[in-house]
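# Architecture at a glance
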Amino acid sequence: MKRRVFLKKSLIGGAMALTAGYGLLRSVVATALEWPKTVFDQETEADAVKALFGDTPVVESADVVIKAPLQAENGAVVPIKVTTERADAESIAIMVEKNPVPYITSVNLGQGSSGFYSARIKMGETSKVSCYVKAGNEVLMAAQEIKVTVGGCGG
Amino acid sequence: MAFATKMKLRKIGDGHDVLCLVKHPMETGLRKDQKTGEVIPAHYIEIMTFTLNGNTVAEAILGQGVSKDPLTGIHMVGAKAGDTVAVAWSDNKGESGGAETTVQ
């Protein structure tokens, strides 16, 4: 996502919403951003990263901090929090390596939001969860293994 | 069908954490009905937009992998008392919803 285009669209959306009210705000904003079907169609994490970030090399970085449980008793609800101190962070994406659809969710950060994103995700089985932060011309990542206990009885 | 949307602001550090909870089934399209064996069609939120006084602050892209009744959060900076914070979402079946609140 190009930051400039995103901001420009946001401004248009905002200006129209101010004049037309809440109902139009929804429809204007909803069409401003296309749902990235090509990224969701990828069956491996590597392909999804490529579809999302192109050829930009991915570097592991301590600037990306994941706060998530080491073990999740219920794979249907796994809370993930991603924080980055990078002021130029543009987007944050969460991927689960072994899910049928590895690309889970992402957020595009515009003016007025800082590097934080939290979501509750589904996990089919124990897997590596990776969080990617696009900042400037770089893609930073951090990963954590989350153990999923089927049956919910612990252990 | 309307889905209840709730929003909560929490003052943290230099800004606010904005949390949004939607009562939404978030069906993956992979699950089968246990009685009939038929696949339950996919139904999930695709886009969620957070705005401050009508200006987009963040846009979240969601998919099948997000939990039922999704709770998403971002950190907003620069919101002052009296400002309007709103969230709007749309799903793959063309349904939409939203909520708004005023900064205290």
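All values derive from a computational prediction rather than experimental measurement. (Residues numbered from 1 in each chain as written. Chains lettered and ligands numbered in written order. Predicted model: local features only at pLDDT ≥ 70, side-chain atom pairs only at ≥ 80, totals over all residues. Heavy atoms only, no water.)

Moving on, we come to the overall build of chain B. Scanning chain B from N- to C-terminus turns up 0 helices and 7 strands. Secondary structure elements of chain B occur, N-terminal to C-terminal, as β-β-β-β-β-β-β. Here the C-alpha coordinates of chain B stretch approximately 55 × 25 × 20 Å along the principal axes. The buried share of chain B, taken over its 104 residues, is 54%. Look at the contacts in chain B between residues 6 or more apart in sequence, and 52% of them connect residues 24 or more apart. Of the accessible surface of chain B, which amounts to about 4800 Å², a share of 51% is contributed by carbon and sulfur atoms. The centroid of the 11 positive side-chain charges in chain B is displaced by 8 Å from the centroid of its 12 negative side-chain charges. (Helix = DSSP H or I, 4+ residues; strand = E, 2+ residues; numbered from the N terminus. Buried < 20%, exposed > 50% of the residue type's maximum accessible area, 1.4 Å probe, protein only. Contact = heavy atoms within 4.5 Å. Areas by Shrake-Rupley, 256 points an atom, 1.4 Å probe, with all protein chains shown as cover. Lys, Arg positive; Asp, Glu negative; His and termini not counted. Charge placed at Lys NZ, Arg CZ, Asp CG, Glu CD.)

Put simply, the largest pocket is a space of about 390 Å³. Around the largest pocket, the lining comprises 19 residues; the ones closest to its centre are Lys122(A), Thr28(B), Leu30(B), Arg31(B) and Gln64(B). Broken down by class, the residue content of the lining of the largest pocket amounts to 9 nonpolar, 6 polar and 4 charged. (1 Å grid on protein atoms, 1.4 Å probe; cavity = no way out; pocket = protein on both sides within 12 Å on 5 of 7 lines; lining within 4 Å. Points joined across faces, edges and corners; volume = space filled by probe spheres on them. Nonpolar A, V, L, I, M, F, W, Y, C, P; charged D, E, K, R; others polar.)

Here the focus is the interface of chain B and chain A. Each partner contributes to the interface: chain B provides 44 residues, whereas chain A provides 40 residues. Summed over both sides, the interface between chain B and chain A buries roughly 3200 Å², with carbon and sulfur atoms accounting for 56% of that surface. In this structure, the connection of chain B to chain A is made through 0 salt bridges. When residues of the side of chain B that touches chain A are traced back to their parent elements, those giving at least two are strand E2 (15–22), strand E3 (45–52), strand E4 (55–61), strand E5 (71–77), strand E6 (84–91) and strand E7 (96–102) of chain B. When the residues that make up the side of chain B that touches chain A are grouped by side-chain class, the tally is 20 nonpolar, 18 polar and 6 charged. Two elements, strand E7 (residues 113–121) of chain A and E5(B), share 4 bridges in a ladder whose sense is antiparallel. For Ser114(A), the partnering residue across the bridge sits in E5(B) and is His75(B). (Buried area = accessible area lost by both parts, 1.4 Å probe. Salt bridge = Lys/Arg side-chain N within 4 Å of Asp/Glu carboxyl O. Pairing = 2+ DSSP bridges.)

For the rest of this paragraph, the subject is the sheet that holds E5(B). To summarise the sheet geometry, strands pair through backbone hydrogen bonds and adopt either a parallel or an antiparallel arrangement. The sheet built from 6 strands is open, its strands ordered E2(A)-E4(A)-E7(A)-E5(B)-E2(B)-E1(B) with antiparallel pairing. If you trace the sheet from one side to the other, it starts and ends with strand E2 (64–67) of chain A together with strand E1 (5–12) of chain B, each paired once. Adjacent strand axes in the sheet meet at a mean angle of 15° when their direction is disregarded. (Axes fitted to C-alpha atoms, helices over the stretch in contact; angles between N-to-C directions.)

It is worth spelling out the confidence of the model for chain A at this point. All names here are of chain A. Per-residue confidence for chain A gives a mean pLDDT of 83; residues scoring 70 or more make up 75%. Across chain A, the secondary-structure element scoring lowest on mean pLDDT is helix H2 (residues 22–32), at 46, and the one scoring highest is E2, at 96. Within the model, pLDDT remains below 50 along residues 16–31, and this stretch shows 20 contacts once partners closer than five positions in the same chain are excluded. Every residue in residues 151–155 is under pLDDT 50, and counting partners more than four places away or in other chains gives 5 contacts. (pLDDT = per-residue confidence, 0-100.)

It is worth spelling out a positive patch on the surface at this point. A grouping of Lys67(A), Lys81(A), Lys8(B) and Arg10(B) is seen on the molecular surface, where their side chains present a positively charged patch. Its location among the elements puts Lys67(A) in strand E2. (Patch = residues over 30% accessible without salt bridge, like charges linked within 9 Å, V, L, I, M, F, W, Y side chains within 5 Å.)

This paragraph deals with unusual backbone geometry. Residues and elements named next belong to chain B. In the Ramachandran plot, Met26 falls in the positive-phi region, its phi being about 45° despite a non-glycine side chain. For Met26, the location among the structural elements is in the loop between E2 and E3. Unlike most non-glycine residues, Asn53 shows phi in positive territory, near 50°. When you line up the elements, Asn53 lands in the loop between E3 and E4.

Now for the side chain of Lys122(A). Summarising the element assignment, Lys122(A) is placed in the loop between E7 and strand E8 (127–135). Although Lys122(A) is buried, it forms no salt bridge, and the closest oppositely charged side chain is Glu27(B) at an N-O distance of 6.4 Å. Polar contacts involving the side chain of Lys122(A) include one to the main-chain carbonyl oxygen of Met26(B), which spans 2.7 Å. There is a polar contact of 3.4 Å between the side chain of Lys122(A) and the backbone oxygen of Val66(B). Residues contacting Lys122(A), with those up to four places away along its chain left out, are Gly75(A), Ala76(A), Asn99(A), Ile104(A), Met26(B), Thr28(B), Gln64(B), Gly65(B), Val66(B), Ser67(B) and Lys68(B). (Polar contact = N/O pair within 3.5 Å; in protein donor to acceptor, adjacent residues only side chain to side chain.)

On to the pattern of salt bridges. Residues and elements named next belong to chain A. Taken as a whole and assessed by the stated rule, the structure comprises 7 salt bridges over all chains. In this structure, Asp41 engages Lys37 in a salt bridge whose closest nitrogen and oxygen atoms are separated by 3.0 Å. Its salt-bridge partner being Lys134, residue Glu90 comes within 3.7 Å of it at the nearest N-O pair. Remark: Lys134 occurs in strand E8 and Glu90 occurs in strand E5 (residues 89–96); sequence separation between them is 44 residues. Each member of the pair Glu90 and Lys134 is classed as buried. Beyond isolated ion pairs, a larger network of salt bridges with shared partners links Asp63, Arg86, Asp88 and Glu138.

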